[in-house]
Amino acid sequence: MNHNLFLLYIDPGTGSVLFSILIGLVSTLIFFGQRFFMKIKFIVSGGKADKISKAKIPFVIFSDHKRYWNVFKPICDEFERRGVNLVYWTASSDDPALSEKYEHVKLEFIGEGNKAFARLNMMNASIVLSTTPGLDVYQWKRSKNVDMYVHILHAVDDPSSYRMFGLDFYDAVLLSGSYQKEQIRFLEQVRKTVEKELVVVGCPYMDSMFDRLKSSPRKSNQNRTVLLAPSWGKSGILAKYGEKILDSLVSTGYKIVVRPHPQTLVSEKEIIEPLIKKYSDSENFLWNFDNDNFSALNSADILITDFSGIIFDYSLIFDRPLIYADTSFDSDPYDAAWLSEPMWKLRVLSSIGIKLEESQFCDMKSLIDSAINNESLREGRVNARKVAWENIGKSAEVTADFMIRKNEEKRCRE
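The paragraphs below set out a description of the structure included in this document. All figures in this text were calculated on a predicted structure; none of them were measured in a lab.

Let's talk about the sheet that holds strand β7 (residues 197–200)
Item 1. Spatially, the seven strands line up as an open sheet ordered β3-β2-β1-β4-β5-β6-β7, and their pairing is parallel. Strands at the two margins of the open sheet, each flanked by one partner only, are β3 (105–109) and β7. Averaged over neighbouring strand pairs, the angle between their axes works out to 20° when direction is ignored.
Item 2. When strand β1 (residues 57–63) meets strand β4 (residues 125–130), the two strands line up parallel, connected through five bridges. Looking at β4, one finds that I57 is bridged to A125.
Item 3. Of the strands in this sheet, β1, β2 (86–90), β3, β4 and β5 (146–152) touch helix α4 (residues 69–82), which is tilted by about 160° from β1.

Printed below as a string of structure tokens:
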């Protein structure tokens, strides 16, 4: 592929270049307006206001959607346990975080869309942690008053799974496994971006889910339950197969639970709405849109998906088999387009699951039964877990250690 062409690539789903420029200009005007106001206040108050304007928030977590609370809750809990003050900003007014009762963690809804970006672009903080890709690419711009931007991967997955330039302008990336370093370093070299600090911390939400599984034993199903959980985009199952795969699943007589990716409801309404209308909820067919995917995963005997990160939630935590659809993954919109070899998750799929071809839709029941009874897949799951999920049970602690250490290093340099 011609990488020079991708230097001009902007994902239309996240905002146009003109819109990003407009947001930057508005944020700049607001910033200078606030600075002017603070100078006036400084003169009136004899200088006390200047100290307030320079006060940094030591630690900020930003979540662009409520679905990432499962990533951040273990980290917030760890800061609370240590008695270290932390600020959690969310762009979801119904974020479950807002109902939490913390003493040391301040929870705040900062608005949606442009309002949230304007607040972020003027942020005054030492360490900012987020799962949001595209920093300094789209509407979210780096603030000159932030010392360090830290990205934490929201799934055990390839870092190249993000849309183009997803991690380029972060200062550090927290990884679930050492295997993820290679892709980031490769992208830095070919795109000639500044080398980021890479730290393997593990996966906080997987640790939390694993603890929940221990205390929530699974009830056996009278009828086998099949969970279909596709990703979104033109390579996703629903976009490519739609009614064909749903009809084949219904024909098995098993209980079918369909859990679309949340972005499908936003970006693919023309696909999902007709399907919801045709396949109504019934005793053996359910749509699942829960913010928390634990119940859906725990109740399933088998998962069918494509290239979604839920592959590893299910296989590594719940230790159950999966079927992955052959959707001919199109890497062009993603950082994976720059790689010289397939992503790790695509290479490991054959050892933890069984591939589904469209020609097998007519024999879906037999394929599901054979996958559930396939013991050779268990060894593949064990090996994948060792590679992709390090520091099991300690990720929140390691993450907090990193953030606190970086803040202390910054203070020592002042």
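A word on the packing of helix α14 (residues 344–352) against helix α16 (residues 376–388)
If you want to describe how two helices pack, look at the angle between their axes and the distance between the axes.
Item 1. Axis separation between α14 and α16 bottoms out at 8 Å; the angle between their running directions is 150°. Considered as vectors, α14 and α16 are oriented roughly antiparallel to each other. Along the contact surface, α14 presents W344, V348, S350, S351 and I352, while α16 presents L377, G380, R381, A384, V387 and A388.
Item 2. Broken down by class, the residue content of the contact of α14 with α16 amounts to seven nonpolar, three polar and one charged.

Describing a nonpolar patch on the surface
Item 1. A contiguous nonpolar surface patch, about 320 Å² in accessible area, is contributed by L265, V266, I276 and F289.
Item 2. Considering the arrangement of structural elements, one finds V266 in helix α10 (residues 264–267).

Remarks on empty space enclosed by the protein
Item 1. Enumeration over the complete set of coordinates arrives at one cavity of 30 Å³ or more.
Item 2. Of the voids in this model, the largest cavity is the one considered here, and its volume is about 60 Å³.
Item 3. Considering the residues around the largest cavity, the lining is formed by P159, L167, D168, I184, L187, R191, K196 and D335.
Item 4. Looking at the lining of the largest cavity residue by residue, the classes come out as four nonpolar, no polar and four charged.

Concerning the pattern of salt bridges
Item 1. Tallying each qualifying case throughout the model produces 29 salt bridges.
Item 2. The salt bridge partner of R191 is D335, with a shortest N-O separation of 2.9 Å. Taken as a pair, R191 in helix α6 (residues 180–191) and D335 in the loop between β12 (322–325) and α14 lie far apart in primary sequence, 144 residues in all.
Item 3. You can call R191 buried: its relative accessible area is 11%.
Item 4. As a salt-bridge pair, D319 and R381 come within 2.8 Å of each other at their nearest N and O atoms. With D319 in the loop between α13 (310–317) and β12 and R381 in helix α16, this residue pair connects regions lying 62 residues apart in the sequence.
Item 5. With relative accessibility at 26%, the residue D319 sits in the partly exposed group.

Some thoughts on the side chain of R67
Item 1. Here R67 lies in the loop between β1 and α4.
Item 2. Put simply, R67 is tucked away with no salt bridge, and the nearest opposite charge, on D64, sits 5.1 Å away.
Item 3. At 3.4 Å, the side chain of R67 and the side chain of Y68 are in polar contact.

Observations concerning the nonpolar core
Item 1. Ranked by size, the top nonpolar core spans 59 residues in total, and within it F72 and L129 carry the most contacts.
Item 2. When residues no more than four places from it in sequence are discounted, the contact partners of L129 are V60, I61, F62, F72, I75, V150, H151, I152, L174, T399 and M403.
Item 3. L238, V258, I304 and L377 belong to the second largest nonpolar core, which has 28 residues in total.

A word on the environment of L175
Item 1. Looking at where L175 falls in the secondary structure, it is placed in strand β6 (residues 172–175).
Item 2. Apart from the residues lying within four places of it in its own chain, the contact partners of L175 are L153, Q180, K181, I184, L198, V199, V200, V201 and G202.

Regarding the pairing of β5
Item 1. Counting buried positions along β5 gives six out of seven residues, so the element sits mostly inside the fold.
Item 2. Bridging between β5 and β6 involves three bridges; their strand directions are parallel. Across the sheet, residue H151 finds its bridge partner in β6, namely V173.

What to know about the packing of aromatic side chains
Item 1. The tally for this structure, following the rule as stated, stands at 16 aromatic pairs.
Item 2. A ring pair is formed by W140 and Y149, whose centres lie 5.9 Å apart and whose planes are at 80°; its orientation type is edge-to-face.
Item 3. The exposure class of Y149 is buried, given its relative accessible area of 0%.
Item 4. Pairing F210 with W389 gives two aromatic rings, centres 5.9 Å apart and planes at 80°, and the pair type is edge-to-face.

Notes on the pairing of β7
Item 1. Pairing geometry for β6 and β7, over four bridges, is parallel. Within β7, the residue paired with L175 across the bridge is V200.
Item 2. Handedness of the crossover joining β6 and β7 through α6: right-handed.

Some words on the sheet that holds strand β11 (residues 302–305)
Item 1. One open sheet accounts for six strands, arranged β10-β9-β8-β11-β12-β13; its pairing is parallel. The strands lining the two open edges of the sheet, one partner per strand, are β10 (285–287) and β13 (353–356). Taking the axes of each pair of neighbouring strands and ignoring which way they run, one obtains an average angle of 20° across the sheet.
Item 2. When β12 meets β13, the two strands line up parallel, connected through four bridges. Along β13, the bridge assignment pairs L322 with G353.

Rules of the game
- Residues numbered from 1 in each chain as written.
- Predicted model: local features only at pLDDT ≥ 70, side-chain atom pairs only at ≥ 80, totals over all residues.
- Heavy atoms only, no water.
- Pairing = 2+ DSSP bridges.
- Helix = DSSP H or I, 4+ residues; strand = E, 2+ residues; numbered from the N terminus.
- Axes fitted to C-alpha atoms, helices over the stretch in contact; angles between N-to-C directions.
- Contact = heavy atoms within 4.5 Å.
- Parallel < 35°, antiparallel > 145°, perpendicular 65-115°, else oblique.
- Nonpolar A, V, L, I, M, F, W, Y, C, P; charged D, E, K, R; others polar.
- Patch = residues over 30% accessible without salt bridge, like charges linked within 9 Å, V, L, I, M, F, W, Y side chains within 5 Å.
- Areas by Shrake-Rupley, 256 points an atom, 1.4 Å probe, with all protein chains shown as cover.
- Salt bridge = Lys/Arg side-chain N within 4 Å of Asp/Glu carboxyl O.
- 1 Å grid on protein atoms, 1.4 Å probe; cavity = no way out; pocket = protein on both sides within 12 Å on 5 of 7 lines; lining within 4 Å.
- Points joined across faces, edges and corners; volume = space filled by probe spheres on them.
- Buried < 20%, exposed > 50% of the residue type's maximum accessible area, 1.4 Å probe, protein only.
- Lys, Arg positive; Asp, Glu negative; His and termini not counted.
- Polar contact = N/O pair within 3.5 Å; in protein donor to acceptor, adjacent residues only side chain to side chain.
- Core = buried A, V, L, I, M, F, W, Y, C linked by side-chain atoms within 4.5 Å.
- Phe/Tyr/Trp six-rings, centres within 6.5 Å; stacked < 30°, edge-to-face > 60°.
- Right-handed = clockwise from strand over helix to strand, strands pointing away.

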